[in-house]
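Here's the letter readout for the chains.
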Amino acid sequence: LSFFYSMKLDEFTNWQQQPIEHWKERVCKTTPEATSFLDQITNHDQIQVARYHDVVMPHWHTAHAVVLGDAAHALSPQLGQGVNLALQDAKGLADAIVNNESLETALATYSKLRKRQLAFYQFATRSLTPFFQSDHTLLGKLRDLGFPIATKSKWVRQQMTMSMAGYKNGIFSHVPINR
């Protein structure tokens, strides 16, 4: 089980100086289901800090190298797409190599084919981050009000599932699914 708790990096040092029990109590007030998990944590050293940055590259290759996964397109982790996109990168690269006669053409094809899907996920994560990780309480309230209403729609649930499965390449489109 992984448990994520967001805080600004400039608050981290102050958090470390407070008793761990204060943080656990605060978390359990909003998420009582986490109590048994948090009971296992006895000190700050058991918490791993995750820092992330968006990475946007115009293409993912040079004449002799290709970049895949988070190294090529790191995103905010709330969509959980790191592994999905890395696996699709690997498949896209393999397909491009098999279907092109030269490595130079294969790498250019790979970058071209991955561009649309990666642009969608970069757009989606940047658009959603303020709703989940910001000081804008109004956005949090809109999220808490809007998501339960929106998910009553079968179409919205399908789009969310496609997004989480890593198959979207646009707001209203997705990559072909090979079954």
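Residues numbered from 1 in each chain as written. Predicted model: local features only at pLDDT ≥ 70, side-chain atom pairs only at ≥ 80, totals over all residues. Heavy atoms only, no water.

Let us now look at the side chain of Gln-81. Take Gln-81: it is sitting in the loop between helix H4 (70-73) and helix H5 (82-99). On the basis of relative accessible area, Gln-81 is assigned to the buried category, the value being 4%. Within the structure, the side chain of Gln-81 is placed 3.2 Å from the backbone oxygen of Ser-163, a separation counted as a polar contact. In this structure, Gln-81 is in contact with Tyr-121, Ser-163, Met-164, Ala-165 and Gly-166, ignoring residues within four places of it in sequence. (Helix = DSSP H or I, 4+ residues; strand = E, 2+ residues; numbered from the N terminus. Buried < 20%, exposed > 50% of the residue type's maximum accessible area, 1.4 Å probe, protein only. Polar contact = N/O pair within 3.5 Å; in protein donor to acceptor, adjacent residues only side chain to side chain. Contact = heavy atoms within 4.5 Å.)

At their nearest, the axes of H5 and helix H6 (residues 103-132) sit 8 Å apart, and the two run at 155 degrees to each other. The pairing of H5 with H6 is recorded here as roughly antiparallel in orientation. At the point where H5 passes H6, the crossing takes the right-handed sense. On H6, the residues that touch Leu-85, Gln-88, Asp-89, Gly-92, Leu-93, Ala-96 and Ile-97 of H5 are Ala-106, Leu-107, Thr-109, Tyr-110, Arg-114, Gln-117, Leu-118 and Tyr-121. Residue classes in the contact of H5 with H6 are distributed as 9 nonpolar, 4 polar and 2 charged. (Axes fitted to C-alpha atoms, helices over the stretch in contact; angles between N-to-C directions. Parallel < 35°, antiparallel > 145°, perpendicular 65-115°, else oblique. Left-handed = near helix turned anticlockwise from the far one by under 90°. Nonpolar A, V, L, I, M, F, W, Y, C, P; charged D, E, K, R; others polar.)

What follows deals with the pattern of salt bridges. Throughout the structure, instances matching the rule amount to 5 salt bridges. For Glu-21, the salt bridge goes to Lys-24, with nearest N and O atoms at 3.3 Å. Of this pair, Glu-21 and Lys-24 both sit in helix H2 (residues 20-30), 3 residues apart, which is roughly one turn of the helix. Judged by relative accessible area, Glu-21 falls into the partly exposed class, the value being 39%. On the accessibility criterion, Lys-24 (8% relative accessible area) is buried. For Arg-114, the salt bridge is made with Asp-89, and the minimal N-O distance between the two is 2.7 Å. Within this pair, whereas Arg-114 is found in helix H6, its partner Asp-89 is found in helix H5, the two being separated by 25 residues in sequence. Here Arg-114 falls in the buried class, since its relative accessible area comes to 5%. Using a relative accessible area of 0% as the deciding quantity, one classes Asp-89 as buried. (Salt bridge = Lys/Arg side-chain N within 4 Å of Asp/Glu carboxyl O.)

What the rule picks out here adds up to 6 aromatic pairs. Centre to centre, the rings of Trp-15 and Trp-23 are 5.7 Å apart; their planes meet at 85 degrees, and the pair counts as edge-to-face. With 6.0 Å between their ring centres and 80 degrees between their planes, Phe-132 and Phe-147 make a pair best called edge-to-face. Remark: Phe-147 occurs in helix H7 (residues 137-150) and Phe-132 occurs in helix H6; sequence separation between them is 15 residues. (Phe/Tyr/Trp six-rings, centres within 6.5 Å; stacked < 30°, edge-to-face > 60°.)

This paragraph deals with the environment of Phe-131. Tracing the backbone shows Phe-131 in helix H6. When sequence neighbours within four positions are dropped, the list of residues in contact with Phe-131 reads Leu-139, Gly-140, Leu-142 and Arg-143.

This is a description of form; function is not addressed.
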